[in-house]
Amino acid sequence: MAITKNTCYFTANNPISKSVDRKYLGIRGREANQLAELNLPVLPGIVIDATIAQKLANERCYTTLEPMLNKMGSVVDKKFGDADNPLLLKLVISPNLSFSAYPTLHNFGLTRKTVEGFTAKVGESFAVHEILFMLKGIFQIMLKTAELKEESTHIKTLETALSQVQKLLDNDKLKETSTSIMNKFQTYLPEDFFESSEVQLEESLHIISELIDTEEDNDDDVAILIQPMVYGNYGKDSYSGVFNSRDVVTGEKKLQGDFFAEEFDEQGSGKDVNTISPKYLQKLQDIAWKLEDINKDVRRIRFTIEAGKLWLIEQKSVEAKSTISLVHLLLDLYNRGIVDAEYVVTTVKPGQLNEILHPVTDLSSVKSLKKSMGGIAGAPGAAVGRVYFSANSLIDAQKIAKMNGEDTRCILCMPATYAGEVKAIEVSTGVLSNEGGYSAHASVVARQYGKISLVRPDMKIMKNKAIIDGITVNEGDIISLNVPYYGDPTIYFGEANLIEPDPKTSGLLDFIDLTKAFISDFHVRANADSPRDAKLAIDFGADGVGLCRTEHMFFKEERINIFREMILSGSVEEREKVLEKLYKFQKDDFYGIFKTMAGKEVTIRLLDAPLHEFLPHNDVEMAAYIDHMKKNKKIDVNKNELNAQIAMMSEINPMLGHRGCRVAISYPEIYSMQIRAIFDAAYSLQAESIEVHPEIMIPLVMSFREFKQIAFGKKIEGHSYSGLKAIEEEMREKKKAKKLDYKIGVMIELPSAALNADEIANYAQFFSFGTNDLTQTTLGLSRDDFNSFMPDYTMYDLVDGNPFAVLDSSVRQLIQIALQRGRLSRPELVCGLCGEHGARPENVKFCMEAGLNYVSCSSYSVPIALLAIAQEEIEKAKKEGRKLAPTLKKVRSASTSTKKTTTKKSSKK
């Protein structure tokens, strides 16, 4: 059988003819030929295609191969079988699949005749090693064939040979010579294997072909690639090296890797590839960035320089690159017109942006640390700090550390968190808890403040210590949390190094600009409770505030005890006096948020949380409140009486108790103060010619009657209730201002509100679906408790995933019903969804299809939601057979320069 027509030769300037079917070249053959098509310095090669690679067992191949080997030798200045400067070959088994279990086959052509010339170039020790390496590969092929044929005697013989070879390879003080090795192992090999390079090559091809033929399901699927060996230790001006086309962490467009002078491979300590001789560096840069442009991906490149000639050995994608690196690459390609904006926006998965938004663990720094894997990701990222088991102990420890100039990083570790712990979460680096899950209080607050949250249900917490996976963590011990968006969370017992990306240099802000160009009607707002949150939201692309939780404004240390004083007041008069103190805080916060969001809608949810949540929960908080009353009111509070009063206010089921609009019905003065503060701030900004669009949201509404009374007031015999609109009018008259464009709406978080949406919409100007509580009240599931039994439900397929992450079908139906009924009463009704459901691509798609106008999520999730929306818009356009054409300019990213991209190491102070 002639193999001529099934054997192809290629070089860098002469690739395989396009008429040859590429599927018969195998993946390695195709990859090598692609480099030849790009005119890159790839080693010349011969491909024996997949139609005959399994049929060579009794064929004389050398006649066909000899002229090709001669051409190959002339390219690399060597000759096959030559005694002085022998051409050695690597034989690559090239299947069509990307993965391969075939061994590496190098150095064919090493015989008694050629080994002396090779040894003169590389030294005796290396020559012996290369003979052994060749033997290891060919014995592995022979063993695999014997195993497939179930030849037990042959298997044992080859196992013995392989064991002897490996033992010699592992011996650092090897005394064997090339001749003694050949003599020792000739008995296992075909006759004259070490006598002639021609015989060695032909017999090796027979052995490889027999394996391919013996394997099952081999339907013309495996080819054989032959290329010359080149060595980075082949005399002077020889190098080997491996590098990435750009920094895989920062995305800086600068080669990242090492080269090794007069070394065959990357052993030991190399030198920065950017310090190699300029004549080679320029070539390596050209190769790397050309491959980036072609593949549209960060590449890992292996090269060899042999006696002054540069050869590209291998190039492949870098799997372990950061999202920052990927984004910088895409922006670079976009700026140079290699890809369009649509390609940039559709290449990055929404969840990947978490890596840019939060710190990441430098994995090289945790290799020696003990670790425990598992848990529920509450807020992704990485955090390092000393562990404290209460909010007060954490805050006190942080103050002391700051005074002493020590590491101030702290991690709060508690079974669960409540309102009193918000102040500690805000100043911590992360939260470790063991109750709840993604939607637990600790997780929600952590996401709001850009902190890290991990829930470990298996963790046991005692007074001042925790036991995690059998390891005890005492108060003050340092731990590191690694909570990826994809993959298992990990706790490291010790200090990891963190890398904190800067949004300005990470490419994120430029990426957001491109993303928003694809978004038209549907948009993203942010959950923001302070001017700082609002500024961050604007930076991350938010089009307004969709949820300002006013109760969060009272958690600050200088406010919480005043708020507690208000709750515990014995009369309306006392309560109103204390509310006046809170009025200034509220007004200042609203002023800052409105000013930051100038011209954009700001949805303010009036006080929602159960009042008892704000009361002292422990002895430390109790003492702080008593001290506050003594200093500011000159009142000595009896601790026992205080405990009794708190007990009287406690509820069996507070989340469905006296909270939200129900508090306003009982204590109208609270909402009255908030409305006055909102419009005092708004009309003050109006006087400064700053555009303000307040949206007042009333929470936990059951029916239109509650909403109507709170918004418009009510009079009954002997009693009147001032509505929010009347309070706004009073403030407007007081400020002598022109009426603002404002709205009053409702938060739909109860099934009854969704079902009565038509009646509510007669009075409410907008709806916002609070899907955390709507999920709880629809499914009867507590977001803080369901993780204890959810694994059992998951095991039996009783639920479709986590309903507090992906909207349940029942909740979706209620949203659709409310939208339909609400817009029958008020066609122009604006509807949004607020909560972390809004940052999930699955939920974003539903919200867009259902007819909502926006989603609102934490500031740190805004870019994720924006990307999900943009990708959905692009996908929708494709299905409709149209292409979106956003108006875009080059982004301002400096990723195309070689200037170092800023990546901050985590600060300890």
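Just above sits the structure.
The structure contained in this document is the topic of the report that follows. Small disclaimer: the values here were computed from a predicted structure and weren't measured.

### Points about the overall build of the protein
Within the protein, the secondary structure is distributed over 31 helices and 33 strands. Projecting the C-alpha coordinates of the protein onto the three principal axes gives extents of approximately 115 × 60 × 55 Å. A total of 909 residues make up the protein; the buried ones form 57% of that total. The long-range share in the protein, meaning contacts at least 24 apart out of those at least 6 apart in sequence, stands at 72%. Roughly 38800 Å² of accessible area belongs to the protein as shown, and the carbon and sulfur atoms make up 49% of that amount.

### Quick look at the nonpolar core
Counting residues in hydrophobic clusters, the biggest one holds 151 residues, and the most contacted among them are Phe594, Phe767, Phe769 and Ile815. With 11 residues, helix α22 (residues 668–687) is the largest single contributor of residues to this core. Apart from the residues within four sequence positions on either side, phenylalanine 769 is in contact with Ile748, Leu774, Ile815, Ala818, Leu819, Cys831, Gly832, Leu833, Cys834 and Leu852. Among the nonpolar cores identified, the runner-up in size contains 69 residues, and Leu88, Leu91, Phe108 and Ala161 belong to it.

### So, the packing of helix α17 (residues 557–567) against helix α19 (residues 619–633)
Between α17 and α19, the least distance of the axes is 10 Å, while the angle of their chain directions is 80°. On the basis of their axis angle, the class for α17 and α19 is roughly perpendicular. Mapping the contact onto sequence places Asn561, Ile562, Arg564 and Glu565 in α17 and Glu621, Ala624, Tyr625, His628, Met629 and Lys633 in α19.

### Describing the sheet that holds strand β6 (residues 256–261)
Spatially, five strands are ordered β7-β6-β5-β8-β9 in an open sheet, and the strand pairing comes out antiparallel. Edge positions in the open sheet fall to β7 (271–272) and β9 (309–317), since each of these has one partner strand only. Strand direction decides the pairing type here: strand β8 (residues 299–306) and β9, joined by eight bridges, are antiparallel. By the bridge assignment for β9, isoleucine 301 is matched with glutamine 315. Of the strands in this sheet, β5 (239–244), β8 and β9 touch helix α8 (residues 278–295), which is tilted by about 145° from β8.

### Considerations on the pairing of strand β19 (residues 471–474)
Pairing of strand β18 (residues 465–468) with β19 involves four bridges; the strand directions are antiparallel. Across the sheet, residue alanine 466 finds its bridge partner in β19, namely valine 473.

### Some details on the sheet that holds strand β31 (residues 830–834)
Taken in spatial order, the eight strands of this closed barrel run β23-β24-β25-β26-β29-β30-β31-β32, and their pairing is parallel. Sheet twist, expressed as the average angle between the axes of neighbouring strands with direction ignored, equals 25°. Judged from the three bridges that link them, β31 and strand β32 (residues 854–858) form a sheet pairing that is parallel. Looking across to β32, one finds that cysteine 834 is bridged to serine 856.

### Examining the pairing of strand β4 (residues 222–228)
When you tally the buried positions in β4, you get seven out of seven residues, the bulk of the element. The alternating pattern of β4 places Val222, Ile224, Ile226 and Pro228 and Ala223, Leu225 and Gln227 on opposite faces, both of which are buried. As judged from the three bridges shared by strand β2 (residues 45–48) and β4, these two strands associate in the antiparallel manner. The partner of isoleucine 46 across the bridge, within β4, is isoleucine 226. Across seven bridges, strand β3 (residues 89–95) lies against β4 in antiparallel orientation. Residue pairing in the sheet places valine 92 in a bridge with leucine 225 of β4.

### Some points on the packing of aromatic side chains
Applying the stated criterion across every chain yields a total of 23 aromatic pairs. Aromatic side chains tyrosine 62 and phenylalanine 80 sit 6.2 Å apart centroid to centroid with 35° between the ring planes, which places their arrangement in the tilted category. Taken together, the positions of tyrosine 62 in helix α2 (residues 62–76) and phenylalanine 80 in the loop between α2 and β3 put the pair 18 residues apart, joining distant regions of the chain. Comparing tyrosine 62 with phenylalanine 80 shows no difference in burial state: the two are buried. For the ring pair phenylalanine 540 and tyrosine 860, a centre distance of 5.9 Å and an interplane angle of 65° mean the geometry is edge-to-face. Linking phenylalanine 540 in the loop between α16 (531–539) and β24 (545–549) with tyrosine 860 in the loop between β32 and α31 (862–879), this pair joins segments that are 320 residues apart in sequence. Tyrosine 860 matches phenylalanine 540 in its accessibility class, with the two residues each being buried. Joined through ring pairs, the aromatic side chains of Phe118, Phe126, Tyr231 and Tyr234 make up one cluster. Taking the ring centre of tryptophan 289 as reference, the NZ or CZ of lysine 253 above it sits at 5.1 Å.

### Let's talk about the pattern of salt bridges
A pair can form between side chains of opposite charge whenever their charged atoms are brought close. Going through the model one piece at a time under the given rule, you end up with 49 salt bridges. When the shortest N-O distance is used, the salt bridge between aspartate 332 and arginine 246 registers 2.9 Å. With aspartate 332 in helix α9 (residues 323–335) and arginine 246 in the loop between β5 and β6, the pair connects residues that are 86 residues apart, well separated along the chain. Of the residues examined, aspartate 332 reaches a relative accessible area of 0% and is grouped as buried. With a relative accessible area of 0%, arginine 246 lands in the buried category. The salt bridge involving glutamate 728 is made with arginine 732; its shortest N-O contact spans 2.8 Å. Of the two residues, glutamate 728 and arginine 732 both sit in helix α24 (residues 724–735), four residues apart, roughly one turn of that helix. A single burial state applies to glutamate 728 and to arginine 732, both of which are buried. Ionic contacts of the salt-bridge type, sharing partners, join the residues Arg246, Lys253, Glu292, Asp293, Asp332 and Arg336 into one network.

### Structural notes on the packing of α22 against α24
Remark: α22 packs on α24, axes separated minimally by 9 Å, with the N-to-C direction vectors making an angle of 40°. It follows that α22 is oblique to α24 by the angle criterion. Taken as a pair, α22 and α24 cross one another with a handedness that is right-handed. Across from Tyr671, Ser672, Ile675, Arg676, Phe679, Asp680, Tyr683 and Ser684 in α22, the residues of α24 making contact are Leu724, Ile727, Glu728, Met731, Arg732 and Lys735.

Reading the values: the criteria
- Residues numbered from 1 in each chain as written.
- Predicted model: local features only at pLDDT ≥ 70, side-chain atom pairs only at ≥ 80, totals over all residues.
- Heavy atoms only, no water.
- Helix = DSSP H or I, 4+ residues; strand = E, 2+ residues; numbered from the N terminus.
- Buried < 20%, exposed > 50% of the residue type's maximum accessible area, 1.4 Å probe, protein only.
- Contact = heavy atoms within 4.5 Å.
- Areas by Shrake-Rupley, 256 points an atom, 1.4 Å probe, with all protein chains shown as cover.
- Core = buried A, V, L, I, M, F, W, Y, C linked by side-chain atoms within 4.5 Å.
- Axes fitted to C-alpha atoms, helices over the stretch in contact; angles between N-to-C directions.
- Parallel < 35°, antiparallel > 145°, perpendicular 65-115°, else oblique.
- Pairing = 2+ DSSP bridges.
- Phe/Tyr/Trp six-rings, centres within 6.5 Å; stacked < 30°, edge-to-face > 60°.
- Lys NZ or Arg CZ within 6 Å of the ring centre and 35° of its normal.
- Salt bridge = Lys/Arg side-chain N within 4 Å of Asp/Glu carboxyl O.
- Left-handed = near helix turned anticlockwise from the far one by under 90°.

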